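# Commentary on secondary and tertiary structure
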Amino acid sequence: MLSKERNRLLCETGPGTAMGELLRRYWHPVAGAAEFSRQAVKAVRILGEDLALFRDKGGNYGLVDRHCPHRRADLTYGFVEERGLRCNYHGWLFDHTGGCLHQPFEETRHPASRFRDKVRIKAYRVREKAGLVWAYMGPEPAPLLPDWDRYHSRGYKQIAISEVPCNWFQCQENSIDPVHFEWLHDNWSRVLRGADGPRAPAHQRLGFDEFDYGFVYRRIREDTTENDELWTTGRVCLWPNCLYTGHFEWRVPVDDGHTLSVGWFIDELPGDIPFGQDVIPCWYAPVRDERTGRWIDSHVMNQDFIAWVGQGVIADRSKEHLGESDRGVILMRKRLLEDLDAVAAGRDPKGTIRDPAVNHSVHLPIIGGLNRPAAEDGPRPFPFLAGQPDEVARGFERAWRDCAAAVPDELTAGG
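Keep in mind that this is a model prediction, so the values were computed, not measured. (Residues numbered from 1 in each chain as written. Predicted model: local features only at pLDDT ≥ 70, side-chain atom pairs only at ≥ 80, totals over all residues. Heavy atoms only, no water.)

A tally of helices and strands in the protein chain yields 10 helices and 18 strands. The C-alpha atoms of the protein chain give a radius of gyration of 23 Å, which matches the 22 Å a tight globule of 415 residues would have. Structurally, the protein chain occupies a C-alpha span of about 80 × 60 × 50 Å along its principal axes. Contacts spanning at least 24 positions in sequence make up 65% of the contacts within the protein chain whose residues lie at least 6 apart. Carbon and sulfur atoms provide 49% of the accessible area of the protein chain, an area that totals close to 19600 Å². Here the protein chain contributes 53 positive and 61 negative side-chain charges, whose respective centroids are spaced 5 Å apart. (Helix = DSSP H or I, 4+ residues; strand = E, 2+ residues; numbered from the N terminus. Rg over C-alpha atoms; globule rule 2.2 N^0.38 Å. Contact = heavy atoms within 4.5 Å. Areas by Shrake-Rupley, 256 points an atom, 1.4 Å probe, with all protein chains shown as cover. Lys, Arg positive; Asp, Glu negative; His and termini not counted. Charge placed at Lys NZ, Arg CZ, Asp CG, Glu CD.)

This is the structure in structure tokens:
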């Protein structure tokens, strides 16, 4: 168990908090780039701060205080121009760096005063990568935005985002808890389907290893041995707030009571003809059944959400009783507390990348390798989140058919 004070340290992420300062040393995904084909400005709340995210007509992304420094109008109702975001209340214009470019009435009355040079709005760094819009909210110089090798894999990619009403840390603890797969996903899914028969193979052994970018967890079940990739390769708890299993699941704190679950998914495609996407689709996944008000339980990550919110808005870890299966959770807590000390001492926390020579297709362990074979019997339904839009499912089906049609007949026949 944790003391209430240490629990608070790990859970509070707002400005000026210890964990907030730690998490601000990393880049976080805050939206899908595809969203900006439908809108130019959107409200975001990240790490307890209310902000306006925009892309101007010159292609620059900006992330600024949601409220105009003039009379505090809501800038998410502003409009974009070639060089920035203009407030709809009195027309003040701000660029993506936070500089004020234009104050219409003030410049009409006092053209030489340069009052605009005295006004700035809070602004954070923003970059687009792998179909996501990323924000860095910490001190300069910023670390590099990681270029993970999986981003470059061939396959149909999509982004799905959900808002989960609980603290980020109980979400991330799930990323280093192998045994929950056996019960939450395998056994409970059988119960939900009304299936009879034996339970899923039980876990027999767990292993945890730290590496540069997080922890690798390994497991042996009744149906596997030390020669299985579940043990030899394992899966990755990616630092500081992600699970990587071939796809990515980031748990981005909205505030202390809400978490943005950002999933980046890739489905392998048949054959080896070149395949690319001009736009990676992004959609928002529901967490509740509108008819019943109950949490959705039909998909893998929806089941995770149920486990997380069931612990309360902020889990009270002073009341828990940890066992052998929780060794990874204990390791993660210990490492994060060490990172808090590192940041307080002015050092970089774990997993930050600053060398450009290193930051090129950075390898992460993956079961099956980077180019795993596609399903031979056609595209499979999306298993991770409920609510996938029909157009996204159809996009995958078209991509699969187009790639399958290019595979020589003798290969598809197994010759």
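Continuing now.
A few words on the side chain of glutamate 35. Following the sequence through the fold, glutamate 35 ends up in the loop between strand E1 (27–32) and strand E2 (41–46). For glutamate 35, a relative accessible area of 2% puts it in the buried group. Other than its neighbours up to four places away in sequence, glutamate 35 contacts Lys42, Ile161, Cys282 and Tyr284. (Buried < 20%, exposed > 50% of the residue type's maximum accessible area, 1.4 Å probe, protein only.)

Taken as a whole and assessed by the stated rule, the structure comprises 19 aromatic pairs. Ring centres of tryptophan 92 and phenylalanine 115 lie 6.1 Å apart, and the angle between their planes is 85°; on these two criteria the pair is classed as edge-to-face. Taken together, the residues tryptophan 92 in the loop between strand E6 (84–86) and strand E7 (93–94) and phenylalanine 115 in the loop between helix H3 (104–109) and strand E9 (123–129) connect sequence positions 23 residues apart. A residue is classified by how much of its surface remains accessible, and tryptophan 92, at 4% relative accessible area, is buried. Phenylalanine 115 sits in the partly exposed class, given a relative accessible area of 35%. (Phe/Tyr/Trp six-rings, centres within 6.5 Å; stacked < 30°, edge-to-face > 60°.)

This brings us to the nonpolar core. One finds Leu53, Val133, Leu238, Phe248, Trp250, Trp264 and Leu336 to be the most contacted residues of the largest nonpolar core, which totals 72 residues. No other element matches helix H8 (residues 327–344), which puts 6 residues into this core. Not counting chain neighbours up to four residues away, the residues in contact with leucine 53 comprise Val30, Ala31, Phe36, Ala40, Val41, Lys42, Val44, Gly62, Leu63, Val126 and Val133. (Core = buried A, V, L, I, M, F, W, Y, C linked by side-chain atoms within 4.5 Å.)

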